[in-house]
Amino acid sequence: MTLVGWAQIAVLFLLVLVTVKPLGLYMARVFSGERTSLSPVLSPVERGFYRLSGIDENREQGWLAYTLAMLAFSVIGFVSLYAIMRFQDVLPLNPQGFPAVPPDLAFNTAVSFLTNTNWQSYGGETTMSFFSQMAGLTVQNFVSAATGLALAVALVRAFSRSNSATVGNFFVDLTRSVLYVLVPLAIVTALIQ
């Protein structure tokens, strides 16, 4: 390995060391529903999502309800992404006039983005319309990562609340993952680059 390679590993290790405590404390506050530095801006947005979707943020779920909510959300995400790719030829934002994505490729891609593996066997700019990339793939990039984060938080709660029948609320954890963790991280990393 080259000196540059070792330097990159050292910088990454240092960045993880420097950010683990503040990011971990921040995320603990977010997922326990405590006020954070972003709360004045994001709390109204969060409450708006709950009102629009009919979610009671104070109502927790047992492990089975949490799992079923995650599975239902994932199935809806898969079907939506698959449909976007299969009908991209008639959907807006397709100035190149790309045809519908073939069924096997649409299925493979939808499963891949749903599971956050993002495996692609196509050239995005030569196969996917702007709408498919924006409303399909980009949305799944965020919500699949948020789903994994929500499940990790539920697992931590399950261990820490061994005598409790609840592990949180999937939709609250998903919303907070996107609003308070993933979008701010995406903005910060975009500004750094």
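Residues numbered from 1 in each chain as written. Predicted model: local features only at pLDDT ≥ 70, side-chain atom pairs only at ≥ 80, totals over all residues. Heavy atoms only, no water.

## Some details on the overall build of the chain
And step 1. Scanning the chain for helices and strands turns up 7 helices and 0 strands.
And step 2. Moving toward the C terminus, one meets the helices and strands of the chain in the order α-α-α-α-α-α-α.
And step 3. Of all 193 residues assigned to the chain, the portion counted as buried reaches 34%.
And step 4. Of the contacts made within the chain by residues no fewer than 6 positions apart, 71% connect residues no fewer than 24 positions apart.
And step 5. Accessible surface, the chain as shown: approximately 11900 Å² in total, 70% of it carbon and sulfur.
And step 6. Side-chain charges of the chain comprise 10 positive and 9 negative groups, with the mean position of each set lying 10 Å from the other. (Helix = DSSP H or I, 4+ residues; strand = E, 2+ residues; numbered from the N terminus. Buried < 20%, exposed > 50% of the residue type's maximum accessible area, 1.4 Å probe, protein only. Contact = heavy atoms within 4.5 Å. Areas by Shrake-Rupley, 256 points an atom, 1.4 Å probe, with all protein chains shown as cover. Lys, Arg positive; Asp, Glu negative; His and termini not counted. Charge placed at Lys NZ, Arg CZ, Asp CG, Glu CD.)

## Concerning the environment of Asp 56
And step 1. Checked against the element boundaries, Asp 56 lands in the loop between helix 2 (39-53) and helix 3 (63-86).
And step 2. For Asp 56, a relative accessible area of 41% puts it in the partly exposed group.
And step 3. For the pair Asp 56 and Asn 169, spaced 113 residues apart in the sequence, the C-alpha separation amounts to 8.9 Å.

## Here's the deal with the confidence of the model for the chain
And step 1. Summing up the model confidence of the chain, the mean pLDDT is 94 and the portion of residues at 70 or higher is 100%.
And step 2. Of all the helices and strands in the chain, helix 5 (residues 124-127) carries the lowest mean pLDDT, 84, while helix 3 carries the highest, 97. (pLDDT = per-residue confidence, 0-100.)

## A word on the packing of aromatic side chains
And step 1. One pass over the full model with this rule turns up 5 aromatic pairs.
And step 2. Ring centres 6.1 Å apart and planes at 25° place the aromatic pair Phe 78 and Tyr 82 in the stacked group. Taken together, the positions of Phe 78 and Tyr 82, both in helix 3 and 4 residues apart, correspond to about one turn of that helix.
And step 3. We classify Tyr 82 as partly exposed; its relative accessible area is 25%. (Phe/Tyr/Trp six-rings, centres within 6.5 Å; stacked < 30°, edge-to-face > 60°.)

## Regarding unusual backbone geometry
And step 1. Positive phi is not limited to glycine here, since Asn 116 has a value of about 65°.
And step 2. Residue classification places Asn 116 among the partly exposed residues on the basis of a relative accessible area of 37%.
And step 3. With a phi close to 55°, Asn 118 is a non-glycine residue in the positive phi region.
And step 4. Along the chain, Asn 118 turns up in the loop between helix 4 (103-114) and helix 5.

## Observations concerning the packing of helix 3 against helix 7 (residues 170-192)
Two quantities define a packed helix pair, namely the angle between the axes and the distance from one axis to the other.
And step 1. At a minimum axis separation of 9 Å, helix 3 and helix 7 run at an interaxial angle of 55°. On the basis of the axis angle, helix 3 is oblique to helix 7. Counted together, Tyr 66, Ala 69, Met 70 and Phe 73 of helix 3 and Phe 170, Phe 171, Asp 173 and Leu 174 of helix 7 form the full contact between these two elements.
And step 2. The residue makeup of the contact of helix 3 with helix 7, split by class, is 7 nonpolar, no polar and 1 charged. (Axes fitted to C-alpha atoms, helices over the stretch in contact; angles between N-to-C directions. Parallel < 35°, antiparallel > 145°, perpendicular 65-115°, else oblique. Nonpolar A, V, L, I, M, F, W, Y, C, P; charged D, E, K, R; others polar.)

## Things to note about a nonpolar patch on the surface
And step 1. A surface patch of nonpolar side chains, amounting to about 440 Å² of accessible area, comprises Phe 13, Leu 14, Leu 17 and Val 18.
And step 2. Mapped onto the secondary structure, Leu 14 falls in helix 1 (residues 3-31).
And step 3. Its relative accessible area of 51% is what places Leu 14 among the exposed residues. (Patch = residues over 30% accessible without salt bridge, like charges linked within 9 Å, V, L, I, M, F, W, Y side chains within 5 Å. Salt bridge = Lys/Arg side-chain N within 4 Å of Asp/Glu carboxyl O.)

## What to know about the pattern of salt bridges
And step 1. Evaluated as defined, the whole model comprises 5 salt bridges.
And step 2. Across the pair Glu 46 and Arg 176 runs a salt bridge whose closest N-O atoms are separated by 2.7 Å. With Glu 46 in helix 2 and Arg 176 in helix 7, the pair connects residues that are 130 residues apart, well separated along the chain. With respect to burial, Glu 46 and Arg 176 carry one shared label: buried.
And step 3. Among the salt bridges present, the one from Asp 173 reaches Arg 157, with a minimum N-O distance of 2.7 Å. Separated by 16 residues along the polypeptide, Asp 173 in helix 7 and Arg 157 in helix 6 (residues 130-160) bring together distant segments of the chain. There is no split in this pair, since Asp 173 and Arg 157 are both buried.
And step 4. Here the salt bridges share partners, and the residues they tie into one network are Glu 46, Glu 57 and Arg 176.

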